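Structural overview
Now for the letters of each chain:
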Amino acid sequence: MINKKNRNNFFWIYIAIFIIFLGIFFLKSSFSNPKKINQDIFFNILSKGKIEKIIVKHKEIVHVYLKKNKNKYSNSIDNNISNEKGFIIQQNQLQYEFEIGDLQLFQNKFEKYKKLYNLDTIIDFKNQQDYTITKFFFDYGIFFILLILFWIFLFRRISTTGGGPGGQIFNIGKSKARLFDENDDIKTTFKDVAGLEGAKEEVEEIVEFLKNPNKYTKLGGKIPKGALLIGPPGTGKTLLAKAVAGEAKVPFFSLSGSDFVEMFVGVGASRVRDLFDKAKEKSPCIIFIDEIDAIGRARGKSSIAGSNDERENTLNQLLTEMDGFGTNTNVIVLAATNRSDILDKALLRPGRFDRTIIVDPPELNERKEIFNVHLKKLVLSKNVDIDFLARQTPGFSGADIANVCNESALIAARKNGESIVNKDFLEAIDRIIGGLEKKNKIIKPNERKRIAYHEAGHAIISWLLEHAASLVKVTIIPRGKSLGSAWYLPEERQLTTPEQMKDEICSLLAGRSAEEIAFNSISTGALNDLERVTKQAQSMVAIFGLNEKIGNISYYDSTGQNEFNFSKPYSEKTAQIIDEEISKIITEQYKRAKKILKNNEKKLDMLANELLKKEVLFREDLKKIFGNRPFPDEIEELLKEKNVSVS
Ligand code: ATP
């Protein structure tokens, strides 16, 4: 392998060679190019007896060869050639050239001079071929050499960035996998991976297979060839693979699916071959391919013929290597993706990826563990309640939680805090969910009032409906793209009933209903609510089979086969019913929200005014107006139990 320092050395060597050749070329041209003179000067030099011979070339050009002498001569002859330096001129060296108008006249004059000055100058009429191979090489070969050197230099640079790790064009087909072995001190272990118990168990077993294969093979079992980690972004798939590398104590090749991809045909397949060859040499070992969907996409789906040939060749090679005739003894392939739906079925079958390990977003307890891992590095105040933080972050991935921890430290530092407190975490969570607070955004008073009513509407309905998500706070401070927002703590359920879905739709439509009640008009401010409501209603009717008219039918396609099929899987008539039913659900819930708000119009005014005054209202403020929530409330119980304030 050529390291960066060596590559720099090569760079300077090439530059030096380039300059030397350039120098030689210019020097040479100043030596050998004949000076143009006129006939008068020629006859002047001739009369002094200094010319050895002349050659009459085609097109009436005469080349003049001087006798071996010190050529200081020219300085005294004519100003035209007075720039000549005092070079030592070799005998027969071509020195001057000039044109003759009429050959006959010139020849006569030349003969006359020869006689007059008794000269031995030779005149040659042979149309001499000056361009011998040697001369050609000297005049043009240098250009070729420079060109070739430049070409090599260019390719070295291209292949340093795009080619193999050796930095040479010949290495372009070599795998770009990074090898971690006993010399690399990988510190990540399974202890750093919080939660993910099932997934951890599976990969721990893979490590065990490699460390102690006999335990499994003596009973006739075969070591799995590969395991595929599937899960949404940030759930810890790469982290798990790093932990495997840290724990396995066997060579570990790590690369990304896109590392196989190159603009040259055949490179992908060649890199796959090279990767497996290297892995076999180092066996037992692990290959980890992150984002395998870059090459593992199902074959033959593209509508443009031939457009995916290179990727398909790469995939075919991978399939062959993983389960071809040649067995890869003790080479286990780990791969990760968040798009398992688009992967080629041949890749997923047992014998290639024998195990599919699902890495789900963390649940409450797992989030707690992930917080524990990331909080270890932070300076915390005593009141930080991890349980409370875990409950505040439903739907967060491991990466989101790591981000919350980091953001809270930054927020605390910005406030010059000694340690990080609960409120810093809550601010960090808000920032991650809603974006940056924009306190200085200019909003007109009438718009501000409309926003206050809109948010108050959301808050009231979610307070008064049994299945709506528990309200945490409501604010009219713009944040990210929103002008105001109501913050909820959604219940973490595994199953959802139509009643729960309808309550959620109703509370989402409450913002627009409140606007209509207060101003007798509606605005564009409900875009995000309407988008969510429409999706929810669509899923009730067409996906979950929760609509009476459509019945127990789902048009959902989990295989993703319909990705390029634009035709709907239902008739026009059904499409019409679906549209009508979606619209019916939304209209019903809108009317419901409006009715509830109308019945509580005074309270709506109070809450909106309170919001305009304070900008942020918490559960306590709502309690003052509405009294306790009439239903069991998860967040209420948590707050009581933990004695924590979110304000
Ligand atoms: P992607 O699919 O986008 O590549 P990923 O699933 O590979 O995402 P990782 O890169 O493994 O996600 O996770 C990103 C970061 O999130 C990790 O470096 C780690 O800090 C944190 N993280 C994720 N899951 C966990 C976990 N279970 N325990 C501790 N930290 C975690």
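Up top is the structure these notes are about.
Notes on the structure in this doc start here.

Rules of the game
Residues numbered from 1 in each chain as written. Predicted model: local features only at pLDDT ≥ 70, side-chain atom pairs only at ≥ 80, totals over all residues. Heavy atoms only, no water. Helix = DSSP H or I, 4+ residues; strand = E, 2+ residues; numbered from the N terminus. Buried < 20%, exposed > 50% of the residue type's maximum accessible area, 1.4 Å probe, protein only. Contact = heavy atoms within 4.5 Å. Areas by Shrake-Rupley, 256 points an atom, 1.4 Å probe, with all protein chains shown as cover. Phe/Tyr/Trp six-rings, centres within 6.5 Å; stacked < 30°, edge-to-face > 60°. Lys NZ or Arg CZ within 6 Å of the ring centre and 35° of its normal. Pairing = 2+ DSSP bridges. Axes fitted to C-alpha atoms, helices over the stretch in contact; angles between N-to-C directions. Near = heavy atom within 4 Å. Polar contact = N/O pair within 3.5 Å; in protein donor to acceptor, adjacent residues only side chain to side chain. Nonpolar A, V, L, I, M, F, W, Y, C, P; charged D, E, K, R; others polar. Domains from an automatic or database assignment. Patch = residues over 30% accessible without salt bridge, like charges linked within 9 Å, V, L, I, M, F, W, Y side chains within 5 Å. Salt bridge = Lys/Arg side-chain N within 4 Å of Asp/Glu carboxyl O. Lys, Arg positive; Asp, Glu negative; His and termini not counted. Charge placed at Lys NZ, Arg CZ, Asp CG, Glu CD. Parallel < 35°, antiparallel > 145°, perpendicular 65-115°, else oblique. Left-handed = near helix turned anticlockwise from the far one by under 90°.

With that settled, consider the overall build of the chain. Within the chain one finds 23 helices and 16 strands. Counting over 647 residues, the chain shows a buried share of 43%. Looking at the chain alone, contacts between residues at least 24 apart form 74% of all its contacts between residues at least 6 apart. Within the structure as shown, the chain displays about 35,900 Å² of accessible surface, and the carbon and sulfur contribution to it stands at 54%.

Turning next to the packing of aromatic side chains. Scanning all chains against the criterion turns up 12 aromatic pairs. A centroid spacing of 5.5 Å and a plane angle of 45° characterise the contact between Tyr113 and Tyr117, whose relative ring orientation is tilted. Within this pair, Tyr113 and its partner Tyr117 are both found in helix H4 (residues 103-117), separated by four residues, close to a single helical turn. Where Tyr555 meets Tyr570, the ring centres are 4.7 Å apart and the plane angle is 70°; that geometry is what we call edge-to-face. With a gap of 15 residues between them, Tyr555 in the loop between helix H19 (527-543) and helix H20 (572-599) and Tyr570 in the loop between H19 and H20 connect regions that are remote in the sequence. A residue is classified by how much of its surface remains accessible, and Tyr570, at 24% relative accessible area, is partly exposed. Grouped by ring-pair contacts, the aromatic residues Phe42, Phe43, Phe98, Phe106, Phe110, Tyr113 and Tyr117 constitute a single cluster. Above the face of the Tyr65 ring, Lys53 is positioned so that its terminal group lies 5.0 Å from the ring centre. The ring of Phe519 has Arg450 sitting right over it, with the charged end atom 4.7 Å from the ring centre.

An order of S15-S14-S16 is seen for the three strands of this open sheet, with the pairing classed as antiparallel. The strands lining the two open edges of the sheet, one partner per strand, are strand S15 (485-489) and strand S16 (616-618). Direction aside, the axes of adjacent strands within the sheet are offset by 20° on average. Where strand S14 (residues 470-475) and S15 come together, five bridges link them in antiparallel fashion. What sits directly across from Lys473, in S15, is Trp487. Packed on one face of the sheet, helix H21 (residues 601-614) meets S14 and S16 and runs near 125° to S16.

Let us now look at the site of the ligand. Ala194, Lys237, Thr238, Leu239 and Asn338 are the nearest of the 18 residues found near the ligand. Here Glu291 contributes a side-chain N or O atom positioned 3.1 Å from an oxygen atom of the ligand. Separating an oxygen atom of the ligand from a backbone N or O atom of Ala399 is a distance of 3.3 Å. Its residues assigned to classes, the shell around the ligand shows eight nonpolar, seven polar and three charged. Two domains share the shell around the ligand, each providing at least three of its residues, namely domain 2 (178-358) and domain 3 (364-434).

This next bit is on the pairing of strand S2 (residues 51-57). The element S2 is largely enclosed, with a buried count of seven among its seven residues. As paired elements, S2 and strand S7 (residues 122-124) share three bridges and run parallel to each other. Within S7, the position partnered with Ile54 by the bridge is Ile123.

Among the surface-exposed residues, Glu197, Glu201, Glu204 and Glu369 lie close enough to one another that they form a single negatively charged patch. Among the elements that make up the negative patch, the one with the highest residue count is helix H6 (residues 197-211) (three residues). Following the sequence through the fold, Glu204 ends up in helix H6.

With that out of the way, let us pick up the pattern of salt bridges. Pairs can form between side chains of opposite charge whenever their charged atoms are close. The full count for this structure, using the stated rule, is 23 salt bridges. A salt bridge links Glu205 to Arg355; the nearest nitrogen and oxygen atoms lie 2.7 Å apart. Linking Glu205 in helix H6 with Arg355 in strand S13 (residues 355-358), this pair joins segments that are 150 residues apart in sequence. Residue Glu205 is classed as partly exposed on the basis of its relative accessible area of 30%. Two residues, Lys415 and Asp424, come together in a salt bridge whose shortest N-O distance is 2.9 Å. Taking the relative accessible area as the measure of exposure, Lys415 reaches 44% and is therefore partly exposed. One salt-bridge network, held together by shared partners, links Glu610, Lys613, Lys614 and Asp621.

Moving on, we come to the packing of helix H13 (residues 364-375) against helix H15 (residues 398-414). Relative to each other, H13 and H15 sit at 45°, their axes nearing to 9 Å. Of the possible angle classes, the one that applies to H13 and H15 is oblique. Taken as a pair, H13 and H15 cross one another with a handedness that is right-handed. Between H13, through Arg367, Ile370, Phe371, His374 and Leu375, and H15, the contact on the second element is made entirely by Gly398, Ile401, Ala402, Val404 and Cys405. Split by residue class, the contact of H13 with H15 holds seven nonpolar, two polar and one charged.

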